[in-house]
Amino acid sequence: MSIGDTLKVLSDPVRREILQLLKKERMTAGSIAEAVGMTPAALSYHLKLLKKAEFVLEYKDKNFIWYEINTTVFDEIIMWLQQFGGNGNEK
C-alpha cells in the first residue's frame, strides 16, 4: 500500500478512534463496535481498511477474533516523515 493510501486510511476520525482504543488493549469487534457506537456491519468496513493498511492485526482464539494495533506501520510512517525534517543546521 502506498504512503498516500496509508495516510488516507488515517484521515477518517472513526478509524483514528479505533486505533486509539486498540492502543490501550486488544479487543473483539463487538467491543470495538460498542465503544465507538456503531453497528458491527459498519465497523467491519473500517476494520477491513485498517487491516488492508496493516494498522491492525487480527488473531483468532477459540470462538473470538481479536484485533490489536500494529505499531510497525507507525514506525514506517515516522521514518518516511522524518525525511522532510531538517537536522537543525539548515536555514
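Look a little higher up for the structure.
Residues numbered from 1 in each chain as written. Predicted model: local features only at pLDDT ≥ 70, side-chain atom pairs only at ≥ 80, totals over all residues. Heavy atoms only, no water.

## Considerations on the sheet that holds strand β1 (residues 27–28)
The strand order across the open sheet built from 3 strands is β1-β3-β2, with neighbouring strands paired in antiparallel fashion. Whereas interior strands pair on both sides, the edge strands pair on one side only; in this sheet they are β1 and β2 (56–61). Taken together, the 6 bridges between β2 and strand β3 (residues 64–69) define a ladder with antiparallel strand orientation. Residue Glu58 lies in a different strand from β3, and its bridge partner there is Tyr67. (Pairing = 2+ DSSP bridges. Helix = DSSP H or I, 4+ residues; strand = E, 2+ residues; numbered from the N terminus.)

## Observations regarding helix α2 (residues 13–24)
In this model, α2 (12 residues) spans 17 Å end to end at C-alpha, consistent with the 16 Å of a helix rising 1.5 Å per residue. Regarding α2, its N-cap is Asp12, as a side-chain oxygen of that residue lies 2.8 Å from the backbone nitrogen of Val14 further along. (Expected span 1.5 Å × (residues − 1). Polar contact = N/O pair within 3.5 Å; in protein donor to acceptor, adjacent residues only side chain to side chain.)

## Notes on the nonpolar core
Buried together is how nonpolar side chains tend to be arranged in soluble globular proteins. Counting residues in each nonpolar core, the largest one holds 20 residues, and the members touching the most others are Ile18, Leu19, Leu22, Ile32, Leu50, Phe55 and Val56. Of all the elements, α2 adds the most residues to this core, at 4 residues. Setting aside residues no more than four positions away along its own chain, Ile32 makes contact with Ile18, Leu22, Met27, Leu43, Leu47 and Tyr67. (Core = buried A, V, L, I, M, F, W, Y, C linked by side-chain atoms within 4.5 Å. Buried < 20%, exposed > 50% of the residue type's maximum accessible area, 1.4 Å probe, protein only. Contact = heavy atoms within 4.5 Å.)

## Examining the packing of aromatic side chains
With the rule as written, the count across this model stands at 3 aromatic pairs. With centroids separated by 6.3 Å and ring planes inclined at 45 degrees, the aromatic side chains of Phe64 and Trp66 adopt a geometry described as tilted. The interplanar angle of 70 degrees and the centroid separation of 5.0 Å between the aromatic rings of Trp80 and Phe84 together place this pair among those described as edge-to-face. (Phe/Tyr/Trp six-rings, centres within 6.5 Å; stacked < 30°, edge-to-face > 60°.)

## With respect to the pattern of salt bridges
For the coordinates displayed, the defined rule picks out 1 salt bridge. Between Glu58 and Lys51 there is a salt bridge whose closest N-O contact spans 2.8 Å. A relative accessible area of 32% places Lys51 in the partly exposed class. (Salt bridge = Lys/Arg side-chain N within 4 Å of Asp/Glu carboxyl O.)

## Considering unusual backbone geometry
Unusually for a residue other than glycine, Glu54 sits at a positive phi of about 65 degrees. A positive phi angle is found at Lys62, which is not glycine, with a value near 55 degrees. Its place among the elements puts Lys62 in the loop between β2 and β3.

## With respect to the pairing of β3
In this sheet, β3 lies alongside β1 in antiparallel orientation, the contact comprising 2 bridges. Opposite Thr28, over in β3, you have Trp66 as the bridge partner. Joining the antiparallel neighbours β2 and β3 is a turn of 2 residues, in which Lys62 adopts a positive phi near 55 degrees.

## Focus: the environment of Ile32
You can see Ile32 is positioned in helix α3 (residues 29–36). Taking the C-alpha atoms as reference points, Ile32 and Gln82, separated by 50 residues in sequence, lie 32 Å from one another.

Everything listed here is a matter of geometry and, on its own, says nothing about what the molecule does.
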